[in-house]
Amino acid sequence: MKKIGKIVQKILGITAILLILGTIGIFMYPKIAEKTDIDDKAVAFLSNQIMSPEEETVTDTGISDSGIVSGVSDNNPIRESVAPTEEVKLKDNFRTQTWSQEEKDALKTAYNTVLNRMGLNAANLLFYEMKNIDDIEYYSFQVVDDFGNAYEDLLLYDAAANNLYWHDKKGYLDTASSSDCIFSGTVPGNKDAEYEDDSWEKVLKGYMNAILNERNSDKASSYVDTSCYYLAKLSELRRSDFVDATEENQKYLIEQADSLEKRKNGKKIENYSWNYKIDNTSKYIDEYDMDWVEAYISLDLDVTAHGQTEAFGDNYCVYLRQYEYGWRVAALTTEEYEE
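Since the model is a prediction, treat every value here as computed from it, not as a measurement. (Residues numbered from 1 in each chain as written. Predicted model: local features only at pLDDT ≥ 70, side-chain atom pairs only at ≥ 80, totals over all residues. Heavy atoms only, no water.)

## Observations regarding helix α3 (residues 101–118)
Taking 1.5 Å of rise per residue, 18 residues should cover 26 Å, and α3 covers 26 Å from first to last C-alpha, within 8% of that figure. Regarding α3, the residues found buried are Leu 107, Ala 110, Tyr 111, Asn 112, Thr 113, Val 114, Leu 115, Asn 116, Arg 117 and Met 118. Those residues of α3 that are buried are in contact with β1 (125–133), β2 (136–143), β3 (154–158) and β4 (163–167). Among the residues trailing α3, Gly 119 stands out with phi positive, at a value near 70°. (Helix = DSSP H or I, 4+ residues; strand = E, 2+ residues; numbered from the N terminus. Expected span 1.5 Å × (residues − 1). Buried < 20%, exposed > 50% of the residue type's maximum accessible area, 1.4 Å probe, protein only. Contact = heavy atoms within 4.5 Å.)

## Things to note about the pairing of strand β7 (residues 291–305)
Taking burial as the measure, the 15 residues of β7 include 11 buried ones, the bulk of the element. Bridge analysis of strand β6 (residues 271–285) against β7 gives 14 bridges, and the strand direction is antiparallel. Bridged to Asn 275 within β7 is Asp 300. Adjacent in sequence and paired antiparallel, β6 and β7 are bridged by 5 residues, among which Asp 289 carries a positive phi angle near 65°. Bridge analysis of β7 against strand β8 (residues 308–323) gives 14 bridges, and the strand direction is antiparallel. Within β8, the residue paired with Leu 299 across the bridge is Asp 314. Hairpin connection of β7 to β8: 2 residues between the antiparallel strands, including His 306 at a positive phi of 55°. (Pairing = 2+ DSSP bridges.)

## As for the packing of aromatic side chains
Within the structure shown, the criterion is met by 12 aromatic pairs. With 5.9 Å between their ring centres and 70° between their planes, Trp 99 and Phe 127 make a pair best called edge-to-face. Of this pair, Trp 99 sits in the loop between α2 (40–49) and α3 while Phe 127 is found in strand β1, placing the two residues 28 residues apart along the sequence. Under the relative-accessibility criterion, Phe 127 is labelled buried at 6%. (Phe/Tyr/Trp six-rings, centres within 6.5 Å; stacked < 30°, edge-to-face > 60°.)

In structure tokens:
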């Protein structure tokens, strides 16, 4: 019996040593391979073996021609941060030009994780920018269909907590998952506006009048059509700088006009007047063969109180685009014309 016991002990000892050597080999192999000409696929294969066998990947579903993400696999998506066997090459983005290599590598990990979690093709996900919301740093992405049309809500990834959210225009966050139906067509434009829109001059005049004199937010918004900025080619560079800025600037000017009217009615000021002049215009045609006009304006405000008139001024740029259904305001930004 003692001999049998010794034999069993030897067998167990040898088995343990083999397991330890095998484990060391798996972890050391990628480092050794870096110093050799061994195929990268072999390194990726060994790395994948370290994953828990309970984890299953999402099948690659892509986005259908109708602009809706098709059904996702019954498998549960990976909850870990992952880098797929075939590393996705990110296109150079002006926002990442000054990033360190470590930051770019972190972006790749975030990008690949989102692709796996959502079951999307690489072509259907564009990195947009880093966003800080309530002191939490997010990678933000746009989901686009096969025709390049971008989904309105941004997809945010919190790398620290490994959570995904949809972020809408109003700033709300909603948990995102691979089972979400994503309608990624273009954002509807203002086709049925009730005003003359056969020239950009008429649209500009009506828009500024609705803001400064009528102080009517709904009417002013009827002149605005930002759907062009949700096209992937345009929105990636201009979405926040133009779409969000338009809402903020429009709201600010209307609030200022309301405040002046209340002060006048309350006899705190005697009078006020708004005037604007076009300092310069820039015209061009975009990649969709649509005409654009950038109208740089000087906005002047004269306020009279106690017999003294004080002048105020600011500079804005009104971006106008000729859609198939007429001219519309595409953006309102605080910009001064630079020669």
